[in-house]
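The chain contents come next:
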Amino acid sequence: MPYQKRSIDSRVDYSLILPVFCLLFIGVVAIYIAVNHDYPKNVWPIVGQQIAWIALGTVISLIVMLFNTKFLWQITPYLYVFGLFLMVLPVIFYSSELVASTGAKNWVTIGRVTLFQPSEFMKISYILMLSRVVVNFLKRYKDRERTIQLDFFLICELAVYTLPVLILLTLQSDLGTALVFIAIFSGIVLLSGVSWKIIVPVVLAILVIGGGFLLIFISKDGRAFLHQIGMPTYQINRILAWLNPFDYAQTTTYQQAQGQIAIGSGGLWGQGFNVSNLLVPVRESDMIFTVIAEDFGFVGATAVIALYLLLIYRMLKITLKSNNQFYTYISTGFIMMLLFHIFENIGAVTGILPLTGIPLPFISQGGSSIISSLIGVGLLLSMSYQNNLSDEKHLHYPTRRKKVVLKQLK
């Protein structure tokens, strides 16, 4: 059977693109509703800007889809270094007004123009770098028996590339984003096969430290003590808002209290498209889930969560089909990033978790988050593309015919 090369279009995983497209569409609608009530004079500039970011992110995602393993492997160290360089910029170029309102220097601002959030792009570079480190490590020690000592070496090697990121996030006072990087780190470490003898003590230590922190926080003069040892006021207020959202509903916990009331007011089916009876600060961004729940109710909110589950399922299916180690770790890192974003954002607005300012993927307003998430989707599309290309070659590999030369007998 002659070998016929299939088109690029036939190798694209549309079952992965569909839930992403639906989430992006829901995001544009939710942003329109939020902005229409809060900033009616700026509706179309803000919505138009979001659509422009989606278009740019889509183009970049499709370009990334065509990258092969070799190219990704080669550019990863350069992307990591470039990402670190970008993360230095918010420490130098920032808006005092924005820092006063958010408590973090995580946006690059020049003059009065806020440009982008470097940590969003660093997440992708970080995932690529850690994936490269693990694959390199496993290749180096493939002939040696896996021991706890080797596991420690791997964790230390991964920590070398993690510490610079965490230090820069500390300088930016961005604890929420730091937690995302820790989630990515944890997912890749777990997949790498590190012994449970290391993992269990670490998990127990985190639980003990977390429990001890909460005991100090709720104790008499505990918050004053934490503030004295360097904990920022805005972080104390966020934890306080999580524990007692309605005790300070008119002051420090106004955003969380209003958000939870808005979610509850949506009921089963919601109040209807473009209806809003409550003011929820920055609901076009971090609190966007409150808009969906208020207007489309429990049914609409559940549909959004179902789309996320479908997206994660498709990503896992692509990952399990691949026999490429590098891509497998990339996929794991990106899935952990998405899961943490979804769980933390929805958990925060519903009162289950403290508010950290983490956006809801593909839905929250903001160019940096949208483009970063779409680049991650591009990496998964690249993984699926390479899987399909490999299948195509195996199924339709052309057979070579031996050339037989008959010599004339004399």
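In every chain, residue numbers begin from 1 and rise along the written sequence. Per-residue local features are limited, in this predicted model, to residues with pLDDT of at least 70; the limit for side-chain atom pairs, both in listing and counting, is 80 or more; totals at the level of whole chains, interfaces and linings are taken over all residues. Here the side-chain values reflect all heavy atoms present in the structure, with hydrogen atoms and water set aside.

Take unusual backbone geometry next. Positive phi, close to 60°, is recorded for Ser173, a residue that is not glycine. To qualify as a helix, a DSSP run of H or I must reach at least 4 residues; to qualify as a strand, a run of E must reach at least 2; elements of each kind are numbered from the N terminus. One can find Ser173 in the loop between helix H6 (148–171) and helix H7 (175–191). If you check the backbone angles, Phe362 has positive phi at about 70° while not being a glycine. Here Phe362 lies in the loop between helix H13 (325–349) and helix H14 (367–395).

The next thing to look at is the packing of helix H11 (residues 254–265) against helix H12 (residues 288–321). Between N-to-C directions, angles cover 0 to 180 degrees, with each direction set by a line fitted to C-alpha atoms, over the stretch in contact for helices. With their axes 7 Å apart at the nearest point, H11 and H12 run at an angle of 30° to one another. The orientation of H11 with respect to H12, classified from their angle, is roughly parallel. Along this stretch, H11 crosses H12, giving a crossing that reads as left-handed. Note on element contacts: H12 touches H11 through Thr290, Ala293 and Glu294, opposite Gly259, Ala262, Ile263 and Ser265. Each angle gets one of four labels, with under 35 degrees taken as roughly parallel, over 145 as roughly antiparallel, 65 to 115 as roughly perpendicular, and the rest as oblique. Handedness of a helix crossing follows the sense of rotation of the near helix relative to the far helix, less than a right angle counterclockwise being left-handed and clockwise being right-handed. Residue contacts follow a heavy-atom distance rule, with two residues in contact if any of their heavy atoms lie within 4.5 Å.

Next up on the list: the pattern of salt bridges. Side-chain pairs of opposite charge can arise whenever the charged atoms involved come near each other. Whenever a carboxyl oxygen of Asp or Glu lies within 4 Å of a side-chain nitrogen of Lys or Arg, that contact is scored as a salt bridge. Applying the stated criterion to the full structure yields five salt bridges. A salt bridge links Asp13 to Arg314; the shortest N-O distance between them is 2.9 Å. Taken together, the positions of Asp13 in the segment before helix H1 (14–38) and Arg314 in helix H12 put the pair 301 residues apart, joining distant regions of the chain. Take Asp13 and Arg314: they sit in the same class, and that class is buried. Lys123 is the salt-bridge partner of Glu120, the closest N and O atoms lying 3.1 Å from each other. Placement of both Glu120 and Lys123 in helix H5 (residues 118–140) is noted, with a separation of three residues, approximately one turn of the helix. In this structure, Glu120 and Lys123 share a single accessibility class: buried. Relative accessible area decides the class of each residue, using a 1.4 Å probe on protein chains only: under 20% of the type maximum gives buried, over 50% gives exposed, and in between gives partly exposed.

Contact geometry for H5 and H13: axes closest at 8 Å, N-to-C directions at 140°. In this view, H5 runs oblique relative to H13, as classed from their interaxial angle. Classified by chirality, the crossing of H13 by H5 is right-handed. Contacts between H5 and H13 pair Glu120, Lys123, Ile124, Ile127, Leu128, Ser131, Arg132, Val134, Val135 and Leu138 from the former with Gln325, Phe326, Tyr329, Ile330, Gly333, Phe334, Met337 and His341 from the latter. The residue makeup of the contact of H5 with H13, split by class, is eleven nonpolar, four polar and three charged. Residues are grouped as follows: Ala, Val, Leu, Ile, Met, Phe, Trp, Tyr, Cys and Pro are nonpolar; Asp, Glu, Lys and Arg are charged; all remaining types, including Gly, are polar.

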